[in-house]
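As a plain string of letters, each chain reads:
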Amino acid sequence: MKELHFRVQTSSDTPHYTVSIHKDDKNISAHCTCEHGGRETLCKHRLAILSGKAKWIISDNAADVKRVLSWVAWSDVGQAITKAVYAQKRLKDAQKELERATALLQDAEAEMSAAQQALIQAMND
Ligand SMILES: [Zn+2]
């Protein structure tokens, strides 16, 4: 069994979380000490490390994410990660689109309201 540990930065009072990646033959398992790091959940720290991103790593072994990536490539985690990363990107794109659409809607509502006021005014002149 091979094993790697990474310390990752946190936005809470906890000084750091620890992400552990275990490789046993072709099976990969990942655990994180953050509140979403358990078996039934998925945290951004594990997702980042399993997809080869060193983004939040504060331990001096950040380069080891490359090794994780090579482990993942030969496991069923690999395909699932690809799908999860793609879905995450689509979600972010959709959120941006929603923000733009919301701004357009507010503009149109303001324009409609001003136009109605002008029409009322014109009819009462
Ligand atoms: Zn985590």
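Refer to the structure above for everything that follows.
The shown structure was predicted, so the numbers you read here are calculated from the model rather than taken from an experiment. (Residues numbered from 1 in each chain as written. Predicted model: local features only at pLDDT ≥ 70, side-chain atom pairs only at ≥ 80, totals over all residues. Heavy atoms only, no water.)

Q: Before we move on, can you summarise helix α3 (residues 76-124) with the specific residues and values?
A: When the terminal C-alpha atoms of α3 are compared, their 72 Å separation across 49 residues agrees well with the 72 Å that a helix rising 1.5 Å per residue should span. Where α3 is concerned, the buried positions are V77, G78 and I81. Taken together, the buried residues of α3 touch β3 (27-32), α1 (44-50) and α2 (65-73). The backbone nitrogen of V77 lies 3.1 Å from a side-chain oxygen of the residue at the head of α3, namely S75. (Helix = DSSP H or I, 4+ residues; strand = E, 2+ residues; numbered from the N terminus. Expected span 1.5 Å × (residues − 1). Buried < 20%, exposed > 50% of the residue type's maximum accessible area, 1.4 Å probe, protein only. Contact = heavy atoms within 4.5 Å. Polar contact = N/O pair within 3.5 Å; in protein donor to acceptor, adjacent residues only side chain to side chain.)

Q: Which residues make up the nonpolar core, and what are the values?
A: Counting 22 residues, the largest nonpolar core has F6, V8, I21, I49, L50 and V68 as the members making the most contacts within it. For this core, the secondary structure elements donating two or more residues are β1 (2-8), β2 (17-24), β3, α1, α2 and α3. (Core = buried A, V, L, I, M, F, W, Y, C linked by side-chain atoms within 4.5 Å.)

Q: Go over the coordination of the zinc ion with me, naming the residues and quoting the values.
A: Four donors placed tetrahedrally around a metal ideally meet at 109.5 degrees, and six donors placed octahedrally ideally meet at 90 or 180 degrees. For the zinc ion, the full set of protein donor atoms is C32 (SG), C34 (SG), C43 (SG) and H45 (ND1), and the range of their distances to it is 2.1 to 2.4 Å. One way to put it: the 4 donor atoms around the zinc ion meet at angles of 106 to 113 degrees, and that makes the site tetrahedral. Each donor residue of the zinc ion belongs to the same chain, with the gaps between them written as C-x1-C-x8-C-x1-H. Taken as a pair, C34 in the loop between β3 and α1 and H45 in helix α1 lie far apart in primary sequence, 11 residues in all. Accessibility assignment for this pair places C34 and H45 in one class, buried. (Donors = N, O, S within 2.8 Å, 3.2 Å for Na, K, Ca; no water. Tetrahedral: all angles 85-135°; square planar, octahedral: opposite > 155°, others 65-115°.)

Q: Requested: an account of the sheet that holds β3, with residues and values cited.
A: Strands sit in the order β1-β2-β3 across an open sheet of 3 strands; the sheet is antiparallel. This sheet does not close on itself; its edge strands, each paired only once, are β1 and β3. The mean inter-strand angle of the sheet, taken between neighbouring strand axes irrespective of direction, is 15 degrees. Here 6 bridges tie β2 to β3, and the two strands are oriented antiparallel to one another. From the neighbouring strand, D24 faces β3, where its bridge partner is N27. The strands touched by α2 are β1, β2 and β3; relative to β1, the strand with the most contacts, the crossing angle is about 130 degrees. (Pairing = 2+ DSSP bridges. Axes fitted to C-alpha atoms, helices over the stretch in contact; angles between N-to-C directions.)

Q: Can you tell me about a nonpolar patch on the surface, naming the residues and giving the values?
A: Together, L119, I120 and M123 make up an exposed nonpolar region whose accessible area comes to about 310 Å². When you line up the elements, I120 lands in helix α3. (Patch = residues over 30% accessible without salt bridge, like charges linked within 9 Å, V, L, I, M, F, W, Y side chains within 5 Å. Areas by Shrake-Rupley, 256 points an atom, 1.4 Å probe, with all protein chains shown as cover. Salt bridge = Lys/Arg side-chain N within 4 Å of Asp/Glu carboxyl O.)

Q: Requested: an account of the pairing of β2, with residues and values cited.
A: Note that β1 and β2 share 7 bridges and pair antiparallel. For R7, the partnering residue across the bridge sits in β2 and is T18. Here β2 folds back onto β3 in antiparallel fashion, the turn holding 2 residues, of which D25 has a positive phi close to 55 degrees.

Q: Go over the side chain of S51 with me, naming the residues and quoting the values.
A: Checked against the element boundaries, S51 lands in the loop between α1 and α2. In terms of polar contacts, S51 uses its side chain to reach the backbone carbonyl oxygen of L47, at 2.7 Å. When near neighbours in sequence (up to four residues on either side) are disregarded, S51 contacts L69, I81 and V85.

Q: How would you summarise the pattern of salt bridges if you had to cite specific residues and measurements?
A: Applying the stated criterion across every chain yields a total of 1 salt bridge. A salt bridge links D93 to K89; the nearest nitrogen and oxygen atoms lie 2.8 Å apart. One end of the pair, D93, and the other, K89, are both in helix α3, 4 residues apart, so they sit about a helical turn from each other.

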